[in-house]
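# Remarks on the overall topology
Below are the chains, spelled out letter by letter.
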Amino acid sequence: MATETPGGEEAATGLPQLDFSTFPNQIFWLVVTLVAIYFILQRVALPRIAGVLAERAGTITNDIATAEELKLKAQEAEAAYDKALADARAEAQRIAAEARAEIQGELDDALAKADAQIAAKAAESEAKIADIRAGALDAIRAVSNDAAAEIAGAMGAEASADEIAAAVAERMKG
Amino acid sequence: MADEAKGGALEFHPMDQFIVEPLFGGDTIHWYTPTNVTLWMFLTVLAITAMLVLGTRGRAIVPSRAQSVAELAYGFVYKMVEDVAGKDAVKFFPYIFTLFLFIIFANFLGLIPMAFTTTSHIAVTAVMALAVFLTVTVVGFVKNGASFLSLFWVSSAPAAIRPVLAVIEVISYFVRPVSHSVRLAGAMMAGHAVVKVFAGFAAIAAIAPLSIVAVVAIYGLEVLVSAIQAYVFTILTCVYLKDALHPHH
Amino acid sequence: MEGDIANMGQFIGAGLAAIGSGAAAIGVGHVAGNFLAGALRNPSAAPGQTATLFIGIAFAEALGIFAFLVALLLMFAV
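None of the values given here were measured: they were computed from a predicted structure.

Rules and cut-offs
- Residues numbered from 1 in each chain as written.
- Chains lettered and ligands numbered in written order.
- Predicted model: local features only at pLDDT ≥ 70, side-chain atom pairs only at ≥ 80, totals over all residues.
- Heavy atoms only, no water.
- Helix = DSSP H or I, 4+ residues; strand = E, 2+ residues; numbered from the N terminus.
- Rg over C-alpha atoms; globule rule 2.2 N^0.38 Å.
- Areas by Shrake-Rupley, 256 points an atom, 1.4 Å probe, with all protein chains shown as cover.
- Contact = heavy atoms within 4.5 Å.
- Buried area = accessible area lost by both parts, 1.4 Å probe.
- Salt bridge = Lys/Arg side-chain N within 4 Å of Asp/Glu carboxyl O.
- Polar contact = N/O pair within 3.5 Å; in protein donor to acceptor, adjacent residues only side chain to side chain.
- Nonpolar A, V, L, I, M, F, W, Y, C, P; charged D, E, K, R; others polar.
- Axes fitted to C-alpha atoms, helices over the stretch in contact; angles between N-to-C directions.
- Parallel < 35°, antiparallel > 145°, perpendicular 65-115°, else oblique.
- Left-handed = near helix turned anticlockwise from the far one by under 90°.
- Patch = residues over 30% accessible without salt bridge, like charges linked within 9 Å, V, L, I, M, F, W, Y side chains within 5 Å.
- Buried < 20%, exposed > 50% of the residue type's maximum accessible area, 1.4 Å probe, protein only.
- Phe/Tyr/Trp six-rings, centres within 6.5 Å; stacked < 30°, edge-to-face > 60°.
- Lys, Arg positive; Asp, Glu negative; His and termini not counted.
- Charge placed at Lys NZ, Arg CZ, Asp CG, Glu CD.
- Core = buried A, V, L, I, M, F, W, Y, C linked by side-chain atoms within 4.5 Å.

Attention shifts here to the overall build of chain A. For chain A, the helix and strand inventory stands at 2 helices and 0 strands. Taken over C-alpha atoms, the radius of gyration comes to 65 Å for chain A, far larger than the 16 Å a tight globule of 174 residues would show. Projecting the C-alpha coordinates of chain A onto the three principal axes gives extents of approximately 190 × 40 × 20 Å. Here chain A has roughly 12,300 Å² of accessible surface; of this, 63% comes from carbon and sulfur atoms.

Right, dumping it as structure tokens:
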């Protein structure tokens, strides 16, 4: 450090950093600067930033709590909705079952009535058919008797009406 | 001396940018003379005020850009102090934050072309490092009393080599402010001098493009170094503070 | 003539001191490389160790800056 030059004008030959004549100046202004920064931070910036951060943390916590509450409410509402839906569904099923039962009853009635009518008609028809059949048998029997009597007469055989009728009845069975 | 050797067409004055000059003429620099140091330190204060006071003016819950930068810096240093130095070091946070902001803003302002880098001067960094060193030592003795000396007595080492280690620990303890200050000043000075040297090569037309590319590259590196040196200075302060508060390893 | 030899000594010394910067570069590379190797093995533990990384880099780099300082002192201040 032999060639170290005092004063700034010839400092190019030495390292300006080792020019001790400027040290008091730099140190003085550095201390002023640091103190100024410290007071700006201490008085204004740090409380403000800390306040903002705390406020934000508070807001976030509050918001999360509110959200939690709202979520619970939403869950409650959902449960109520589900319950209402289930109730409505049960009601609808009940109504449907009632209607079905009613319709079934009416249907059964109508079917029974129709069955009765059909049965009545069928019995009537059966009776008529029996009548007609009986009528037809009698007529055939009479015609057969007559025809047998005629045939027997024509053949010269003697036969009473009762014999003929018995014979005819015998044949008709077979 | 160096200039005589280089001389000629190439004019290298890589160290001229560090000369302290009076702001308003005159030759002598008294301790109160407003110099370019004053100007750039004032600009540093102005920049810090702009970011931390004007930026947070809104006090918004949802921060604006400037405010979120201020909050980021606050949170970054706060977390560093808390993580590295411990919870009881939080009351030193304003001091550490002051140092961090001053260094990082001085570094970045020094990167402006034609600017004066206040942190490249050993006088500036030595004052800060010595302040940290003295604070840490005083806090260590006030908090722990004589048991602060156990910092130098490595109880986990074999008994035979403990005295040797103690000597080494004491030396390394007292070298701390030197390395602490020289690291910052040296990194700043070296980077700016290298930029200047490469810029000096631009006088030769043939290699001017190369030199400009090199200046850009070194400048990018310097931006990185500026931030890292501020970070390192701060984190080492936290480490030293941790040693003072909890000297038992 | 005497001065020339003294100058030469200064410059040679400064150049030799500058080797220290390269050595510091090796050291910083070692720190960062080992950090990366460890971080890739256990990425979840890496973020907690970045502070240690930077402290390690700072210590390694400080010695390089000392070498640089010696070079500067030889060049300008002796």
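So that's the structure; there's more coming.
Secondary structure summary: chain C contains 2 helices and 0 strands in total. What you see for chain C is a C-alpha radius of gyration of 18 Å, clearly larger than the 12 Å of a compact globule of 78 residues, by over 25%. Seen through its principal axes, chain C has C-alpha atoms that stretch 65 × 15 × 10 Å. Looking at chain C alone, contacts between residues at least 24 apart form 78% of all its contacts between residues at least 6 apart.

The interface is formed by 48 residues belonging to chain B together with 36 residues belonging to chain A. In this assembly, chain B packs against chain A so that about 3,900 Å² is buried in total across both faces, 74% of it on carbon and sulfur atoms. The largest contributions to the chain B side of the interface with chain A come from Trp31(B), Ile61(B) and Tyr74(B), which together make up 16% of the buried area. There are 1 salt bridge connecting chain B and chain A. A salt bridge links Arg56(A) to Glu71(B); its shortest N-O distance comes to 2.7 Å. On the surface where chain B and chain A come into contact, there are 13 residue pairs in polar contact (both at pLDDT 80 or more). For the side of chain B that touches chain A, the secondary structure elements donating two or more residues are α2 (36–54), α3 (65–85), α4 (93–110) and α5 (122–144) of chain B. In terms of residue class, the side of chain B that touches chain A is built from 33 nonpolar, 10 polar and 5 charged.

Turning to the side chain of Arg162(B), a few remarks are in order. As for its position among the elements, Arg162(B) is in helix α6 (residues 162–201). With residues near it in sequence (within four places) discarded, Arg162(B) still touches Trp153(B), Val154(B), Ser155(B) and Ala157(B).

Bringing the packing of α3(B) against α4(B) into the picture now. All names here are of chain B. It is at 10 Å that the axes of α3 and α4 come closest, and there the two elements cross at 125°. Between α3 and α4, the angle falls in the class oblique. Between α3 and α4 lies a crossing whose hand is right-handed. Counted together, Ala73, Tyr74, Phe76, Val77, Tyr78 and Val81 of α3 and Phe93, Ile96, Phe97 and Phe100 of α4 form the full contact between these two elements. Partitioning the contact of α3 with α4 into residue classes produces 10 nonpolar, no polar and no charged.

Moving on, we come to a nonpolar patch on the surface. All names here are of chain C. A contiguous nonpolar surface patch, about 520 Å² in accessible area, is contributed by Ile5, Met8, Ile12, Leu16 and Ile19. Here Leu16 shows up in helix α1 (residues 2–41). Residue Leu16 is classed as exposed on the basis of its relative accessible area of 55%.

Another aspect to go through is the pattern of salt bridges. Within the structure shown, the criterion is met by 8 salt bridges over all chains. For Lys83(A), the salt bridge goes to Asp87(A), with nearest N and O atoms at 3.7 Å. Within this pair, Lys83(A) and its partner Asp87(A) are both found in helix α1 (residues 23–154), separated by 4 residues, close to a single helical turn. Under the relative-accessibility criterion, Lys83(A) is labelled exposed at 55%. A salt bridge links Asp83(B) to Lys79(B), with the nearest nitrogen and oxygen atoms 2.9 Å apart. Here the residue Asp83(B) and the residue Lys79(B) both occupy positions in helix α3, the gap between them amounting to 4 residues, near one helical turn. Ionic contacts of the salt-bridge type, sharing partners, join the residues Glu91(A), Arg94(A) and Glu98(A) into one network.

The next thing to look at is the packing of aromatic side chains. All names here are of chain B. Going through the model one piece at a time under the given rule, you end up with 20 aromatic pairs over all chains. For the ring pair Tyr74 and Phe97, a centre distance of 6.2 Å and an interplane angle of 85° mean the geometry is edge-to-face. Within this pair, whereas Tyr74 is found in helix α3, its partner Phe97 is found in helix α4, the two being separated by 23 residues in sequence. The exposure class of Tyr74 is buried, given its relative accessible area of 9%. Relative accessible area serves as the criterion here: at 0%, Phe97 is assigned to the buried category. On the numbers, 5.7 Å between centres and 85° between planes, the contact of Tyr173 with Phe174 is edge-to-face. Tyr173 gets classed as buried once you look at its relative accessible area, which sits at 3%.

On the surface, a cluster of negative charge is contributed by Glu102(A), Glu106(A), Asp108(A) and Asp109(A). Along the polypeptide, Glu102(A) turns up in helix α1.

The next thing to look at is the nonpolar core. Across soluble globular proteins, nonpolar side chains show a tendency to be buried alongside one another. Counting 74 residues, the largest nonpolar core has Leu41(A), Leu52(B), Phe97(B), Leu101(B), Phe102(B), Met128(B) and Leu241(B) as its most contacted members. Elements with a contribution of two residues or more to this core: α1 of chain A, α2, α3, α4, α5, α6 and α7 (208–245) of chain B together with α2 (50–77) of chain C. Those residues in contact with Met128(B) that lie beyond four places of it in its chain are Leu30(A), Leu34(A), Leu99(B), Phe102(B), Ile103(B), Leu184(B) and Phe233(B). Formed by 13 residues, the second largest nonpolar core is a distinct cluster that contains Leu18(A), Phe18(B), Met189(B) and Ala193(B).

With that settled, the discussion passes to unusual backbone geometry. Residues and elements named next belong to chain B. A positive phi angle is found at Arg59, which is not glycine, with a value near 50°. Position of Arg59 among the secondary structure elements: in the loop between α2 and α3. On the basis of relative accessibility, which here comes to 46%, the residue Arg59 falls in the partly exposed class. With a phi angle near 75°, Met114 is a residue other than glycine that sits in the positive phi range. Summarising the element assignment, Met114 is placed in the loop between α4 and α5.

Here we take up the environment of Leu63(C). Mapped onto the elements, Leu63(C) comes out in helix α2. When the C-alpha atoms of Leu63(C) and Ser21(C) are compared, they prove to be 8.0 Å apart, with 42 residues separating the residues in sequence.

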